[in-house]
Amino acid sequence: MLTERLHLNDSYLEHFEAQLVALSTWQYQPSLILDRTAFYAESGGQLGDRGQLETPLGPILISDTQIDETGQVHHLVQTVAANLADAVGTKVNGLVEHEKRRDMMSQHTGQHILSAALDELFNAATVSSRLGSSSSTIDVEKAEFSQADKRKVEERVNQVIMDSRPVRIHYPSPSELAKFPLRKMPTVSEAIRLIEIEGFDTTPCGGTHCKDSGGVGPLLITGWEKYKGLTRIHFQAGTRLLNRIGEREGVLDQLASFFGVGWQEVPDHVQRQKVQIQNLSQQLGSMRSDLVNLKLAQLLPDLQPKSDTPHIIRVESPDPVAFRAMAQRMAEAGYFILLLAEMDGKLRFILEGPDPSLVAAYHRETLVPLGAKGGGKTRIEGVLPQNSGSQTLLKQALNF
Ligand SMILES: [Zn+2]
């Protein structure tokens, strides 16, 4: 006997009495079978319920609800007590987790309204839907979707929500079915269940819905993307949306306070700062270039041609970019150089020259034995430990 599904006629039912009829498994996970249940089993894009069963052996947590191919509802449990079989045949009290169920009802009823609005405004049918625990999406037959479309749809959806239109459940006979203007055709031929949002939409569905459209709470489209010739629309409704808006408001308030401007001025302020940073960065680049030119003008006239060992040069208070630029310019001018500089409490070096084999040999034979760390091919860059060897190099640098 299949479990009687109490939620089909009352989505708001959270407490119920039932009989535990069997222990079973669903996809290798232990499960409990009841004669009746208010737990919704995952199907039609809606997630399964969580909750608790009070049994004579104590409470049992239900982590998920699933339905198998025969139509049997499985209440999944994480662990099975050794004596659980003793509880089979006893009465249990079920308690469906309110927050998840209520959230699902908002997303699901919101999805009906969103799909119907897209149909009404753009003749765009919904091909599939997924109501996730954080994000919900529908795929609609509309190749292009714009910001203006989003506003238009949201306006219509929220108007229907604020109308608080009754949401009704129908089980029509085949002759009655013909009288309903259905948005999509049923996929089953028996026990067809219709969800009607008064004066707006009627569609077959087995999920849990709010009793009127107002129960959905506000709904917004949170994003969209092209998907296999369709548009995948992301949306949120109800408490979930309010939480999201609250978090985003908090971030905006933080930014406004950080910049010392009103929240409306944050985008302009950030844009101005971005331009300012670009200008400063250009100025800095040109100042670095001037600095390098100046240092080279001081150094180069005194450098004698030398090929087998590098000119050892100490650079005072450089910044890392200028340090590299100097090494590059001197190597390009044909000099074999070892630049040394103290930065952030470390003795940094760059070894560079026109002949890579000489660079590699000096690194291997002189710097590595001193404990140099670092690497590179044509340019070897790294750190020297502050020991007597590196002190000798620094002294040589004074007398290059
Ligand atoms: Zn539905």
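Rules used throughout
Residues numbered from 1 in each chain as written. Predicted model: local features only at pLDDT ≥ 70, side-chain atom pairs only at ≥ 80, totals over all residues. Domains from an automatic or database assignment. Helix = DSSP H or I, 4+ residues; strand = E, 2+ residues; numbered from the N terminus. Buried ≥ 20, exposed ≤ 12 C-beta atoms within 10 Å, placed from the backbone. Core = buried A, V, L, I, M, F, W, Y, C linked by C-beta atoms within 7 Å. Contact = placed C-beta atoms within 7 Å. Expected span 1.5 Å × (residues − 1). Pairing = 2+ DSSP bridges. Axes fitted to C-alpha atoms, helices over the stretch in contact; angles between N-to-C directions. Parallel < 35°, antiparallel > 145°, perpendicular 65-115°, else oblique. Left-handed = near helix turned anticlockwise from the far one by under 90°. Nonpolar A, V, L, I, M, F, W, Y, C, P; charged D, E, K, R; others polar.

S.K.: Explain the domain arrangement of the protein to me, please; I cannot follow it from the model alone.
M.R.: Interfaces are often sized by the amount of accessible area the parts lose when they come together. Assigned domains within the protein: domain 1 (4–96), domain 2 (101–244) and domain 3 (304–398). Just the C-alpha atoms count here: the centres of domain 1 and domain 3 sit 73 Å apart.

S.K.: Could you clarify how one ought to interpret unusual backbone geometry in this entry?
M.R.: A negative phi angle is the norm for most residues apart from glycine, just as the trans form is the norm for most peptide bonds. The backbone phi angle of S164 is positive, close to 50 degrees, even though this residue is not glycine. Topologically, S164 is positioned in the loop between α2 (147–162) and β12 (167–170). A positive phi angle, near 50 degrees, is found at D344, a position not held by glycine. Structurally, D344 is set in the loop between β18 (337–343) and β19 (346–352). What makes D344 exposed here is the crowd of 7 C-beta atoms within 10 Å.

S.K.: How do you make sense of the nonpolar core when you look at a structure like this?
M.R.: One broad trend across soluble globular proteins is that nonpolar side chains are buried collectively. In this structure, I113, L114, A117, V157 and L219 are the most contacted members of the largest nonpolar core, which totals 30 residues. Considering each element in turn, this core owes the most residues, seven residues, to helix α1 (residues 98–122). Residues contacting I113, with those up to four places away along its chain left out, are V157, V160, I161, I197, D201, S213 and V216. Listed in part, the 24 residues of the second largest apolar core include M330, L338, L339 and I350.

S.K.: I'm lost on helix α4 (residues 238–259) in this one. Help?
M.R.: One turn of the α-helix equals 3.6 residues, which is why residues spaced by three or four share an orientation. If you check α4, its first and last C-alpha atoms are 32 Å apart, about what 22 residues at 1.5 Å a residue would give, namely 32 Å. Burial analysis of α4 places just two of its 22 residues in the buried class, which makes it a mostly uncovered element. Where α4 ends, the next residue or the one after it, G260, has phi of about 70 degrees, a positive value.

S.K.: Can you walk me through the sheet that holds strand β11 (residues 136–140) in this structure?
M.R.: Adjacent strands of a sheet form backbone hydrogen bonds with each other and so pair up, either parallel or antiparallel. Overall, antiparallel pairing links the four strands, which are arranged β10-β11-β16-β15 in an open sheet. Across the chains shown, the open sheet's two edge strands, defined by having one partner strand only, are β10 (126–131) and β15 (219–227). Strand-to-strand, the axes of this sheet are offset by a mean angle of 20 degrees, without reference to chain direction. Summarising the sheet, β15 and strand β16 (residues 230–237) pair through eight bridges and their orientation is antiparallel. Residue W224 lies in a different strand from β16, and its bridge partner there is I233. Of the strands in this sheet, β15 and β16 are in contact with α4, which crosses β16 at around 85 degrees.

S.K.: Is there a simple way to explain the environment of S357 in this structure?
M.R.: Looking at the element boundaries, S357 is found in helix α7 (residues 356–367). A tally of 8 C-beta atoms within 10 Å means that S357 is categorised as exposed.

S.K.: For this particular structure, what's the right way to read the environment of M104?
M.R.: Within the secondary structure, M104 is located in helix α1. Residues M104 and Y227 lie 123 residues apart in sequence; the distance between their C-alpha atoms is 24 Å. In this structure M104 touches Q46, L47, L131 and T208, once residues within four positions along its chain are discounted.

S.K.: I tried to follow the packing of helix α5 (residues 266–299) against helix α6 (residues 320–332) on my own but got confused; where do I start?
M.R.: The relative placement of two packed helices comes down to the angle between their axes together with the axis-to-axis distance. As a packed pair, α5 and α6 sit with axes 10 Å apart at the nearest point and diverge in direction by 50 degrees. Considering the angle they form, α5 stands oblique to α6. Pair α5 / α6 crosses with right-handed handedness. For the pair α5 and α6, contact is made by R288, L291, V292, K295 and L296 and by V321, A322, A325, M326 and R329, respectively. Of the residues belonging to the contact of α5 with α6, the class tally is seven nonpolar, no polar and three charged.

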